[in-house]
Amino acid sequence: MKSLKEREWFFSQEKEEFVSIPPRIIYNPDPHYDMYRLKTTRQLVADINLDFNLGLDTPFIIGAVADMHFNVCNQDDREDEELVYTEKCRKWPENLKWAIPAAKALEACDFCDATVVLGDTLDYLSNGSLNYTKANLFKKYPDAMVALGGHDYTKQMQTGIPDKLPLEERLNILRAVWPHDIHYYSRVLANKIIAVVIDNSQTKYLPEQIEKLEADIARAKEEGMIIFIFQHEPIVSKNPAESCARAVIENSGAYKTTDIEANPKFIGGAEHSDEVTCKVYDLITKNADVVKAIFAGHWHSQFYSEVCATYKNGGEEVHTVIPQYILSGNPYHEAGMLARIIVN
Ligand SMILES: [Fe+2]
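Residues numbered from 1 in each chain as written. Predicted model: local features only at pLDDT ≥ 70, side-chain atom pairs only at ≥ 80, totals over all residues. Heavy atoms only, no water.

Asks: Summarise the packing of aromatic side chains; cite the residues concerned and give the values.
Replies: With the rule as written, the count across this model stands at 18 aromatic pairs. Ring plane angle 50° and centroid distance 6.0 Å describe the contact between Y255 and W299, whose orientation is recorded as tilted. Here the residue Y255 occupies a position in the loop between α7 (244–252) and α8 (275–285), and W299 occupies one in the loop between β10 (291–296) and β11 (303–313), the gap between them amounting to 44 residues. Taking relative accessible area as the criterion, W299 reaches 1% and is therefore assigned buried. Taken together, the aromatic side chains of F52, F228, F230, F295, Y304 and Y325 make up a single cluster linked through ring pairs. Above the face of the F111 ring, K2 is positioned so that its terminal group lies 4.6 Å from the ring centre. (Phe/Tyr/Trp six-rings, centres within 6.5 Å; stacked < 30°, edge-to-face > 60°. Helix = DSSP H or I, 4+ residues; strand = E, 2+ residues; numbered from the N terminus. Buried < 20%, exposed > 50% of the residue type's maximum accessible area, 1.4 Å probe, protein only. Lys NZ or Arg CZ within 6 Å of the ring centre and 35° of its normal.)

Asks: Would you mind going over the coordination of the iron ion in detail, with residue names and values included?
Replies: Looking at the iron ion, the protein donor atoms are D67 (OD), H69 (NE2), D120 (OD) and H300 (NE2), and they sit 2.1 to 2.3 Å from it. If you look at the iron ion, its 4 donor atoms make angles of 90 to 171° with each other, and the shape they trace is irregular. If you list the donors of the iron ion from N- to C-terminus, the spacing comes out as D-x1-H-x50-D-x179-H. In this pair, D67 is assigned in the loop between β4 (60–65) and α2 (81–89) and D120 in the loop between β5 (114–117) and α4 (127–138), connecting sequence segments 53 residues apart. We note that D67, like D120, is buried. (Donors = N, O, S within 2.8 Å, 3.2 Å for Na, K, Ca; no water. Tetrahedral: all angles 85-135°; square planar, octahedral: opposite > 155°, others 65-115°.)

Asks: Can you lay out the sheet that holds strand β12 (residues 316–326) for me, pointing to particular residues and giving the numbers?
Replies: With respect to topology, 6 strands assemble into an open sheet ordered β7-β8-β9-β10-β12-β11, the strand pairing being mixed. Sheet topology places β7 (184–189) and β11 at the edges, where each strand pairs with a single neighbour. For this sheet the average axis-to-axis angle between neighbouring strands, irrespective of direction, equals 20°. Bridge count for β10 against β12 is 3 bridges, and the pairing is parallel. (Pairing = 2+ DSSP bridges. Axes fitted to C-alpha atoms, helices over the stretch in contact; angles between N-to-C directions.)

Asks: Which residues make up the pairing of strand β8 (residues 193–198), and what are the values?
Replies: The element β8 is extensively covered by neighbouring structure, given that 6 of its 6 residues are classed as buried. By the alternation rule, side chains of β8 split into I193, A195 and V197 and I194, V196 and I198, which are all buried. Pairing between β7 and β8: 6 bridges, direction antiparallel. Across the sheet, L189 pairs through a bridge with I193, a residue of β8. Between β7 and β8, which pair antiparallel and follow one another directly, the connecting turn spans 3 residues, one of which, A190, has a positive phi of 55°. Pairing of β8 with strand β9 (residues 226–230), which is carried by 5 bridges, proceeds in the parallel orientation. By the bridge assignment, I194 is partnered in β9 with I227. Handedness of the crossover is the feature at issue here: the chain leaves β8, passes through helix α6 (residues 207–223), returns alongside β9, and the resulting connection is right-handed. (Right-handed = clockwise from strand over helix to strand, strands pointing away.)

Asks: Before we move on, could you go through the state of the cysteines and cite the residues and values that matter?
Replies: This model, assessed by the stated rule, comprises 0 disulfides. Not engaged in a disulfide, the cysteine C244 finds its nearest cysteine sulfur in C308; these two sulfurs lie 15 Å apart. Overall, the relative accessible area of 6% leaves C244 in the buried class. (Disulfide = S-S within 2.5 Å.)

Asks: Describe the pattern of salt bridges, naming the residues involved and giving the relevant values.
Replies: Within this structure, the stated rule accounts for 18 salt bridges. K39 is the partner of E14 in a salt bridge, and the nearest nitrogen-oxygen pair spans 3.5 Å. Residue E14 is found in the loop between α1 (4–11) and β1 (15–17), and its partner K39 is found in the loop between β2 (33–38) and β3 (44–50); the two are separated by 25 residues along the sequence. When its relative accessible area of 54% is taken as the criterion, E14 is described as exposed. The class of K39 is partly exposed, set by a relative accessible area of 39%. (Salt bridge = Lys/Arg side-chain N within 4 Å of Asp/Glu carboxyl O.)

Asks: How would you summarise the nonpolar core if you had to cite specific residues and measurements?
Replies: Grouped together as the largest cluster of nonpolar side chains are 38 residues, with contacts concentrated most on L213, I227, I229 and I284. Those elements that place two or more of their residues in this core are β8, α6, β9, α7, α8, β10, β11 and β12. The greatest single-element share of this core, amounting to 5 residues, is contributed by α8. When sequence neighbours within four positions are dropped, the list of residues in contact with I229 reads V196, I198, L213, I284, V291, A293, I294 and F295. Listed in part, the 35 residues of the second largest apolar core include F10, L125, Y153 and L171. (Core = buried A, V, L, I, M, F, W, Y, C linked by side-chain atoms within 4.5 Å. Contact = heavy atoms within 4.5 Å.)

If you want it as structure tokens, here you go:
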């Protein structure tokens, strides 16, 4: 890990005001949120300042990056008919245009205290993409916590046909190289924050996650810690005042309705959620005394939402909101885009 001096030095470089809004970014001016470009190294940075009076000597800073979409098709991959077809059909991101933004965003994260990647690291599952991920993420930043996105285990990308290799076999390829459990991983940061990296990349939560999340919630309550949820897909806010998510749906132009609960790209909507997903959704949103923030990617847009939530105080139910920060896709930004989650 870099020294405090090195970390402070990197982010002390001059900042440029972030004036233009690139396509597919809808920026909600949450008061905790500050966005700028680093003048020398050029990364776009969203500072998310979260103050929970944790009594830390210095703020703990988590660098987060979403949707890097590494796509490499190498010679071995060209022996695989599925990948040959994907290489022919896949139109985005353009050849290697993702590589510099990804490298620069990760470099900047390395000047933070911890790094989290919010899914869709691979654009499609190939030897080339996986080798690139191993060398440029897992080996270079072995402590990074990496959530799973739907692209990470899909071979047929933009081809219009389903994958031939069964899902479990594709997941096993990732399990063999991932730095931690691909479906649920948690780590205590600064003795105060439990970072939960949970897989919801199949637009649902998984049965094995219930017990693990229950245990982390119980531990947080017992030991006076807070929980941050890191996942690929955002959850439904069920907030009548929600405006950003609706605007993002409208802006995408891909959906008939702007009803957020009906949109499958938000987890926990009543119409498309199974029992397990509802259970995990409830665990997150009914323990807001410890679950203090959610971070996601998936939409390739930058926006903020407040999830309606509750917690029990004695016998009484208290209503509140959990802030949910959705980060932009990375390849749109010349020198990468990261969030610095600055916790006090
Ligand atoms: Fe993505």
